[in-house]
Structures are given as C-alpha cells and as structure tokens.
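Per-entry structural report
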Amino acid sequence: MQCTRKIKENVYWVGAEDRRLNLFENLFPIPKGIAYNSYLIKDEKNILIDTVDYSVGRQFLENVKYILNGEKLDYLIVNHMEPDHCSLIEELIYKYPEMKIICNNQTIKMIKQFYNFDIDSKAEIVKEGQTIKTGKHEFQFIMAPLVHWPEVMVTYDITDKTLYSADAFGSFGALNGNLFNDDTDFEKEWLADARRYYTNIVGKYGPQVQNLLKKASNIEIEMICPLHGVIWRNNLKYIIEKYDKWSKYEPEEKSVLIIYSSVYGNTENVVNTLSNYLGENGIKNMAVYDSSNTDVSYLVAESFRYSNIVIAATTYNLGLFPKIEQYLLDIKRQNLQNRTISIIENSTWIPGLVTKEVNKILTEMKNIKVLEKTYSIKSSAKDSEFEYIKNIGDEIVCNLKNK
C-alpha cells in the first residue's frame, strides 16, 4: 500500500520511515527511528529527487509507482550518494529504463564504485549554477561538497522556491505522520535530535556549511526539503540561524556542561558538589553527564551547545578513562572550538596524569581556553578540600559573567 503526501502542487513526498534500525550509520543510537525523505515532482517530465535506504525500498517503490500512476519517470536527481539515499538507483533503472540520472562529476565516480550498470549512457552531468527545465518547473544545481560527503549538491526549484537540501537541515527521528516543522513543537520534540544529527554527521565541516549558507542567502527560499527529518515550510530563519551558529562553532547556551567518569562514585560526588555550588551562584540550564552511561554522540551534541565544559575524569590502567578519552577524541574529530574548559582529575596512582592527557588533546584543538583552577582528587574528596571545588566554581562563574 502506498504511503505518500502532497507537499505542494504536483510535488509529493515519497519517502519512508524506519523504526527498527538501532544505529544510524551503525554508530549513532536512534531511539526514535529515522525518516528517509524522497520527493517526486510531476511535470511535463517527471523528476524524482534522491532515493532511500534499501531497508525501506519496498515502501518507496510502491510510493513512486502510485504517484506516477502509469506515467514514465524521466529524471532522477542524485544529490547525495550515501547508500541510505542511493541504494534504489539500480532498481529504478530496471523499472524505468528511460530514466536519466542528473548528477555531478564527483557523483559519477561514486556511482561507478557502488554499481556496475552503464552510468555514462544514463547520466546528464550538471555544474554549479546550471539549470534544467521539466515544464513548469526549473531546477538549479548548487554544489555543496563535504556537507557531508565530497560529491554532495543541493537542488533549488526556482519555480516553487524550494531547496532540496540533501543532508543539510536534517535530523534523526521518524516523522510519525507530521511531515512539516509547524506540525510539531520543534524546539521541544526535534531540536535535540537535529543538533545531534548535525554535530555528529556534519559538524566537522563548519567552513563548508558556511559556504552553502552563503550560496543559499542569494536565493529566495520558501521551503526546505531535507533527506532526513521534517520539511521546513515556515520560520526558516530559525533552523538557518541554528546552522549558522553550529557551523561557526558558537555555543547556544552560556552555561556549563559537566562530563565525568567515576568508577566508584568519588569523582561523581565532587561533580555533584560543584554543580550544586554553580547553581547556588546563579548558573542556570546546566547539564551533567556520566560518560559511561551516555553515548558519546549525545556528549558531542551537548558540547556544541554549551560555552563552558568541565571534564572530571579518573585514571584507568595508567591512562585516561576510556570513555573520557573517546569523548575528547570525538569533539576534536568534529572540529569543536571556541570553548572554555575546566579540568578535575582523580588519580589514586599517578596525580597529574589526567590533566596531562586531557591537555594533550585540547592543545590540538582550535580556540580552546583552559581555566587555571583545577582539583586533583586523591582517591576521595575530603571536607577540608571544598575550597578547591569552590575555587573552580568561582572561576567558571567569573568567566561566564565576562562572556
């Protein structure tokens, strides 16, 4: 049975949902599932924009067939060659042999890597700014390399003022029948997943996202149709400003994120004491996470959100606690910058090791300020050592006020 939605005159959502998948890209937890979006525009020549993951291929093919209603499929635009968006290309060729594939030169190379069919006889190569008409609709192609693969482009429907944005402006989460941003309380229901999606999937490529935003600022956009997540049909400024901030590595919250490891609860006790002191001194909207109980993708997302980060870590086997090390390597890999860091360590064996190892990674990152006050717990904190926690707290409060 078909499951489609009309999103504009002669424009249809023909995607599908997957609530069975546990890990996106076999890496990121998706407890709310994932939406694979694809769009079909009916015109003098029918045009499909991207496909979906093979796992939901049956639903997708039924959707395309239903909307075409016996008509031929003239074009497939390939904005992005990642398999969750390109895995049905060959199936479409079998079903619609007259179909041409619109793509760029980088995409051609990847199609040849994934498939064995004769792409050269099927392809219509497009370049930056080039347009194609399908009747009433005219489409313009804008290159967006590394948002988030090197071949990515986005497609702008000049007629409808709609941007088909590939992986940009996407989110984790199944759509649950609410396709549009104004069908939901986006900030409450979607923002955290959109942030986690951006920071972990695209976050590394802030300069490339800035390039795309600059290009997009030169066109009039009334609707944004991403490959994952809700379709934006109003209040576009909201999500564009989020992307602008995230891609500049500017924090959303001038507050404190605390990430800790605690094997037997002693470091956790210090973290609780510090967070309570900060709250008592007027710091609002803080977040505290145990690195052992929180997938690192959530920690990365929260690190993009907050201005100040406290890392409270134990040693483990003559090194840094593995979950904290993984977290630090991930925020480094995602190019996080412009943050202020405080360090607390707990080392029964080798005092100073945690601070040394944390600083080693932080010095390889851009525009990271490490505050001077620290606290080296010797196994467990004593009441007489509260002054160390207070000093860290006071320095953080002062830093935030100066921001």
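Scope of this entry: the structure provided in the associated data block. Small disclaimer: the values here were computed from a predicted structure and weren't measured.

So, how was this worked out
Along each chain, numbering runs from 1 in the same order as the chain's sequence is written. This being a predicted model, a pLDDT of at least 70 is required before a residue's local features are given, and a value of 80 or more before pairs of side-chain atoms are given or counted; all residues contribute to the totals for chains, interfaces and linings. Water and hydrogen atoms were dropped before computing side-chain values, which therefore reflect all heavy atoms in the structure. Definition used for salt bridges: Asp or Glu carboxyl oxygen within 4 Å of a side-chain nitrogen of Lys or Arg. Only runs of H or I of at least four residues qualify as helices and only runs of E of at least two qualify as strands under DSSP, and these elements are numbered from the N terminus. For every residue, the accessible area (1.4 Å probe, protein chains only) is compared with the maximum for its type, and the residue is labelled buried under 20%, exposed over 50%, or partly exposed between those bounds. Comment: axis = line fitted to C-alpha atoms, over the contacting stretch for helices; angle = value between 0 and 180 degrees taken between N-to-C directions. Orientation labels follow simple angle bins: below 35 degrees gives roughly parallel, above 145 gives roughly antiparallel, 65 to 115 gives roughly perpendicular, and whatever is left gives oblique. Each crossing gets its handedness from the near helix: less than a right angle anticlockwise from the far helix is left-handed, clockwise is right-handed. It only takes one pair of heavy atoms within 4.5 Å for two residues to be counted as in contact. Gly counts as polar in this scheme, as do all residues outside two lists: the nonpolar Ala, Val, Leu, Ile, Met, Phe, Trp, Tyr, Cys and Pro, and the charged Asp, Glu, Lys and Arg. The criterion for strand pairing is that DSSP finds at least two bridges linking the strands in question. When two cysteine sulfur atoms are found within 2.5 Å, that pair is recorded as a disulfide. Multiplying one less than the number of residues by 1.5 Å gives the expected span of a helix. Put simply, two rings from Phe, Tyr or Trp (the six-membered ring, in Trp's case) pair if the centres are within 6.5 Å, and we call them stacked under 30 degrees between planes, edge-to-face over 60, tilted for the rest. Here, a charge over a ring is recorded when the distance from Lys NZ or Arg CZ to the ring centre is within 6 Å and its angle to the ring normal is within 35 degrees.

**A closer look at the pattern of salt bridges**
For the coordinates displayed, the defined rule picks out 22 salt bridges. Where K32 meets D193, a salt bridge forms, and the shortest distance between an N and an O atom there is 3.5 Å. In this pair, K32 sits in the loop between β5 (28–29) and β6 (34–36) while D193 sits in helix α6 (residues 191–202), placing the two residues 161 residues apart along the sequence. Since its relative accessible area comes to 49%, K32 is described here as partly exposed. One salt bridge in this structure joins K42 and E71, with 3.3 Å as the shortest N-O distance. With K42 in the loop between β7 (39–41) and β8 (47–49) and E71 in the loop between α1 (57–68) and β9 (75–77), this pair connects stretches of sequence that are 29 residues apart. Take K42: its relative accessible area is 18%, and that puts it in the buried class. Relative accessible area serves as the criterion here: at 39%, E71 is assigned to the partly exposed category.

**What to know about the packing of α6 against helix α8 (residues 236–247)**
Between α6 and α8, whose axes approach to 11 Å, the crossing angle comes to 40 degrees. Compared by their axis directions, α6 and α8 come out oblique. The two elements α6 and α8 cross, and the hand of that crossing is right-handed. Each of L191, A194, R195 and Y198 in α6 lies in contact with α8, whose residues at this interface are Y238, K242, Y243, W246 and S247. Looking at the contact of α6 with α8 residue by residue, the class counts come to 6 nonpolar, 1 polar and 2 charged.

**Focus on the pairing of strand β1 (residues 5–8)**
Pairing of β1 with strand β2 (residues 11–13) involves 3 bridges; the strand directions are antiparallel. Bridge pairing in β2 places K6 opposite Y12.

**Side note on unusual backbone geometry**
Here the residue pair V147 and H148 is connected by a cis peptide bond, since its omega of 15 degrees sits within 30 degrees of zero. The topology assignment puts H148 in the loop between β13 (138–143) and β14 (153–157). Of note in this structure, N235 is not a glycine but carries a positive phi near 50 degrees. Counting through the fold element by element, N235 comes out in the loop between β16 (223–225) and α8.

**What about the state of the cysteines?**
For the structure on display, the rule yields 0 disulfides. Free of any disulfide, C103 has its nearest neighbouring cysteine sulfur in C86, separated by 12 Å. Using a relative accessible area of 0% as the deciding quantity, one classes C103 as buried.

**Here we look at α6**
Its 12 residues give α6 an end-to-end C-alpha distance of 15 Å, which sits within 8% of 16 Å, the value for a rise of 1.5 Å per residue. Across the 12 residues of α6, 11 count as buried, placing the element largely inside the fold. For α6, the full list of buried residues reads L191, D193, A194, R195, R196, Y197, Y198, T199, N200, I201 and V202.

**Description of the packing of aromatic side chains**
On inspection of all chains with the given rule, the structure shows 17 aromatic pairs. Judged by centre distance (4.5 Å) and plane angle (40 degrees), the ring pair of F169 and Y243 falls under tilted. Here F169 is found in the loop between β15 (162–164) and α5 (186–189), whereas its partner Y243 is found in helix α8, with 74 residues between them in sequence. Look at F169 and you get buried, because its relative accessible area is 7%. Residue Y243 is classed as buried on the basis of its relative accessible area of 1%. An aromatic cluster is defined as three or more aromatic residues linked by ring pairs; in this entry it consists of F24, F28, F172 and Y197. One residue, R233, lies across the ring of F180, its end atom 3.8 Å from the ring centre.

Bear in mind that shape data such as this cannot, by itself, settle questions of function.
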